[in-house]
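Structural overview
Here is what each chain is made of, one letter per residue.
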Amino acid sequence: MKVPFPKSLNLAVTPTPLEKLRDIPLIPPDYKVYIKRDDLTGFGLSGNKVRKLEFLAYEALKKKADTLVTCGGFQSNHARATALVAAQLGLKSALVLFGDEPPQNEGNLFLDKLCGAEIGFVPLSEYENVDRIMEQFSSELKFKGRNPYIIPEGGSNPLGVWGYIKAAFEMKKQIDKLEIKIAKIVTALSSAGTYCGLFLGAKLCGWKTEVMGINVRFLPTYPKEKIITLLEKTIAQYRLKVRFTEKEIKVVEGYVGEGYALNKKEEIEFIKAFISKSGILLDPVYTGKAMFGLVDRLKKGEFSRKEKILFLHTGGGFGLFPVKEKYFS
Ligand SMILES: Cc1ncc(COP(=O)(O)O)c(C=O)c1O
């Protein structure tokens, strides 16, 4: 089947490396873990978000937008990537960030400000109304004569999903070149755009592999309808010849820990040890918890030693800086 890729920009440094994770003491011996280094999609733009933004920003330019509007937590990787993409394209960015404005500009927030993003801080209790708040923010910009383009949380709408549909094709090509079979792809799961893209992309490129999303966000469990809705919307909007059953959607629970963006001591120790043994930065909110979850499952013998597993590193390294005190206290 011809895959109807929408037009996109080239913003990410791709293909990113896909390689075997060096044997490190943290990973139980005999397991074969591979890693897709999407933390290397660029420096400022590092991580998964830029792949979605390649499609979204193309549409924004086509619509002659002058401002990219999006939202996230005040350390949002997605908001930072959007602010940088806007700056690269000569556009403005306007960010709705949840939480109280922190006293110091650290990590992603520092980069948002360096990009000149217009930032509105909104109480976390308003999170439910995020789409309405972005609409309101955009109406105010329109009133000033601007032409805003709204990008939903995490860039996770059907157009953004194409970022990881395309990435799945890139990964399959690399896997074929290595002449290996991957039984499972493991990724951090939050707004689900990355998961849905991999899930659909694997089907579209004929890659028989399971896609596992480690819930790092929702307690007590991930609302699976969020994934199903995004999959169905993407399939319908682009008339993809893809079928799926709910059973194929694999969400791994048990690794949100104390809550979204909160870390327990055990996770912090794991992240420190992983970085010092591998030289690969994990972030505290997404990849740190996802890798922690993967290693925990390996230790519990929940994967076959014969299977090769591919961990998608989705970036997020700037998120380490605002919490640095917790790592050496
Ligand atoms: C570093 C990082 N990894 C993973 C994710 C999760 O991706 P998604 O929101 O597409 O589920 C995010 C999303 O914010 C992220 O910033």
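Scoring rules and cut-offs
- Residues numbered from 1 in each chain as written.
- Predicted model: local features only at pLDDT ≥ 70, side-chain atom pairs only at ≥ 80, totals over all residues.
- Pairing = 2+ DSSP bridges.
- Helix = DSSP H or I, 4+ residues; strand = E, 2+ residues; numbered from the N terminus.
- Axes fitted to C-alpha atoms, helices over the stretch in contact; angles between N-to-C directions.
- Near = placed C-beta within 6 Å.
- Nonpolar A, V, L, I, M, F, W, Y, C, P; charged D, E, K, R; others polar.
- Domains from an automatic or database assignment.
- Buried ≥ 20, exposed ≤ 12 C-beta atoms within 10 Å, placed from the backbone.
- Contact = placed C-beta atoms within 7 Å.
- Parallel < 35°, antiparallel > 145°, perpendicular 65-115°, else oblique.
- Left-handed = near helix turned anticlockwise from the far one by under 90°.

**Re the sheet that holds strand β10 (residues 308-313)**
The six strands lie next to each other as β1-β2-β10-β7-β8-β9, forming an open sheet whose pairing is mixed. Every interior strand has two partners, whereas the edge strands, β1 (18-20) and β9 (250-252), have only one. Each adjacent strand pair in this sheet contributes to an overall mean axis angle of 30°, direction not counted. Sheet topology places strand β2 (residues 32-37) next to β10; six bridges connect them, and they run parallel. Considered in β10, the bridge of Y34 is made with L310.

**Re the site of the ligand**
The environment of the ligand is made up of 20 residues, and the closest members are N77, S191, Y286, T314 and G316. Looking at which element gives the most residues to the shell around the ligand, the answer is helix α6 (residues 193-204), with three residues. Among the residues making up the shell around the ligand, the classes are represented as five nonpolar, 14 polar and one charged. Among the domains, domain 1 (18-47 + 156-328) and domain 2 (49-155) are the pair contributing at least three residues each to the shell around the ligand.

**Describing the sheet that holds strand β3 (residues 67-73)**
Spatial strand order, β5-β4-β3-β6: four strands in an open sheet with parallel pairing. Only two strands of the sheet have a single partner each, and these edge strands are β5 (118-122) and β6 (148-150). Strand-to-strand twist across the sheet, computed as the mean angle between neighbouring axes with direction ignored, equals 25°.

**Details of the environment of K289**
Inspection of the secondary structure assignment puts K289 in helix α9 (residues 287-299). Assessed through the 28 C-beta atoms surrounding it within 10 Å, K289 is described here as buried. Sequence-wise, K289 and D112 are 177 residues apart; in three dimensions their C-alpha atoms are separated by 24 Å. Among residues more than four places away in sequence, those in contact with K289 are A188, I214, V216, Y255, G257 and E267.

**Concerning the packing of helix α5 (residues 158-178) against α6**
If you want to describe how two helices pack, look at the angle between their axes and the distance between the axes. Where α5 meets α6, the axes come as close as 7 Å, and the angle between the chain directions of the two elements is 45°. By the angle between their axes, α5 is oblique relative to α6. In this structure, α5 crosses over α6, and the sense of that crossing is right-handed. Facing G160, V161, W162, G163, Y164, I165, K166, A167, A168 and F169 of α5, the residues of α6 in contact are G193, T194, C196, G197, L198, L200, G201, A202 and L204.

**Looking at the environment of G42**
Tracing the backbone shows G42 in the loop between β2 and α1 (49-62). The spatial distance from the C-alpha of G42 to the C-alpha of K113 is 19 Å, given a sequence separation of 71 residues. With residues near it in sequence (within four places) discarded, G42 still touches A12, V13 and V50.

**Regarding the domain arrangement of the protein**
In terms of domains, the protein is made up of domain 1 (18-47 + 156-328) and domain 2 (49-155). Its C-alpha centre places domain 1 at a distance of 24 Å from the equivalent point of domain 2. Counting residues at the interface gives 24 residues for domain 1, matched by 23 residues for domain 2. Residue contributions to the side of domain 1 that touches domain 2 peak at seven residues, all from α5. The residue makeup of the side of domain 1 that touches domain 2, split by class, is nine nonpolar, 14 polar and one charged.

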